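Remarks on the overall topology
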Amino acid sequence: AAGYINNPKIATALIDKLSKDKDVDVRKNAAHGAGNIQNPQIALLTIAKLTKNPDPKVKQEAIYSIRKIKNNQIKNEAYKLCAKSNDINIQIGLSRNLDNIEDSKLYDLLLEKFSSSPNFEIKRNAISSLIDLDNDKIKNNSKLYDSIIKTAVKDSSSDIKSIAAL
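Quick caveat, the model's predicted, so the values are computed rather than measured.

Reading guide: rules and limits
Residues numbered from 1 in each chain as written. Predicted model: local features only at pLDDT ≥ 70, side-chain atom pairs only at ≥ 80, totals over all residues. Heavy atoms only, no water. Buried < 20%, exposed > 50% of the residue type's maximum accessible area, 1.4 Å probe, protein only. Helix = DSSP H or I, 4+ residues; strand = E, 2+ residues; numbered from the N terminus. Contact = heavy atoms within 4.5 Å. Polar contact = N/O pair within 3.5 Å; in protein donor to acceptor, adjacent residues only side chain to side chain. Axes fitted to C-alpha atoms, helices over the stretch in contact; angles between N-to-C directions. Parallel < 35°, antiparallel > 145°, perpendicular 65-115°, else oblique. Left-handed = near helix turned anticlockwise from the far one by under 90°. Salt bridge = Lys/Arg side-chain N within 4 Å of Asp/Glu carboxyl O.

**Side note on helix H4 (residues 56-65)**
- Buried residues dominate H4, accounting for seven of its ten residues.
- Those residues of H4 lying buried are Val58, Lys59, Gln60, Glu61, Ala62, Ile63 and Ser65.
- Where H4 is buried, its residues touch helix H2 (24-33), helix H3 (40-50), helix H5 (72-83) and helix H6 (88-96).
- Sitting at the amino-terminal end of H4 is Asp55, which places a side-chain oxygen 2.8 Å from the backbone nitrogen of Lys57.

And the structure:
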């Protein structure tokens, strides 16, 4: 609904109300719709608000919704905003979406952070994103792409080795 409202104050108030709803599905749907918002100011406010929701599923849905943003500059700003967080659920959400990041510096920053994470799910997602990556710009400009693949092959975890071997 907020995607069709051009007034940032009204859209933010609506998202605020939806993000506080008792029903987790209402909050998840609000997060899911955040990526449809093409007004940069509203999109960033909405994603910032939803990534602070106490429910992990809402946070991860908000991060996933960034994929739908058509403007790469807005998309990168949203990812940068989320990258500042140390919240484990936001890190998991970001690690699942590394293959959608267009900014090679941000990609390297997150790849380095996630590939050495003590959290297995985050580490696995980071390595998997390398395999799914079809962005030649990132592959050619990433300083870490090749070294992380080599590190993953040496990793003692058999799951990580099998992912890296693909």
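**Topic: the environment of Ala126**
- Turning to its location among the elements, Ala126 is positioned in helix H8 (residues 120-132).
- Those residues within four positions of Ala126 in sequence are excluded, and the remaining contacts are Ser95, Leu98, Leu111, Phe114 and Ser115.

**Observations concerning the packing of H2 against H4**
- Contact geometry for H2 and H4: axes closest at 7 Å, N-to-C directions at 20°. Looking at the two axes, H2 sits roughly parallel to H4. Read as a crossing pair, H2 and H4 show a hand that is right-handed. Seen from H2, the contacting residues are Val24, Arg27, Lys28, Ala31 and His32; seen from H4, they are Lys57, Val58, Glu61, Ala62 and Ser65.

**So, the pattern of salt bridges**
- Throughout the structure, instances matching the rule amount to four salt bridges.
- Of the charged contacts, one joins Asp55 and Arg27 as a salt bridge, the two residues approaching to 3.4 Å between their closest N and O atoms. Highlighted residues: Asp55 in the loop between H3 and H4 and Arg27 in helix H2, separated in sequence by 28 residues. Each member of the pair, Asp55 as well as Arg27, is classed as buried.
- Where Asp103 meets Lys80, a salt bridge forms, and the shortest distance between an N and an O atom there is 3.4 Å.

Geometry only, nothing functional implied.
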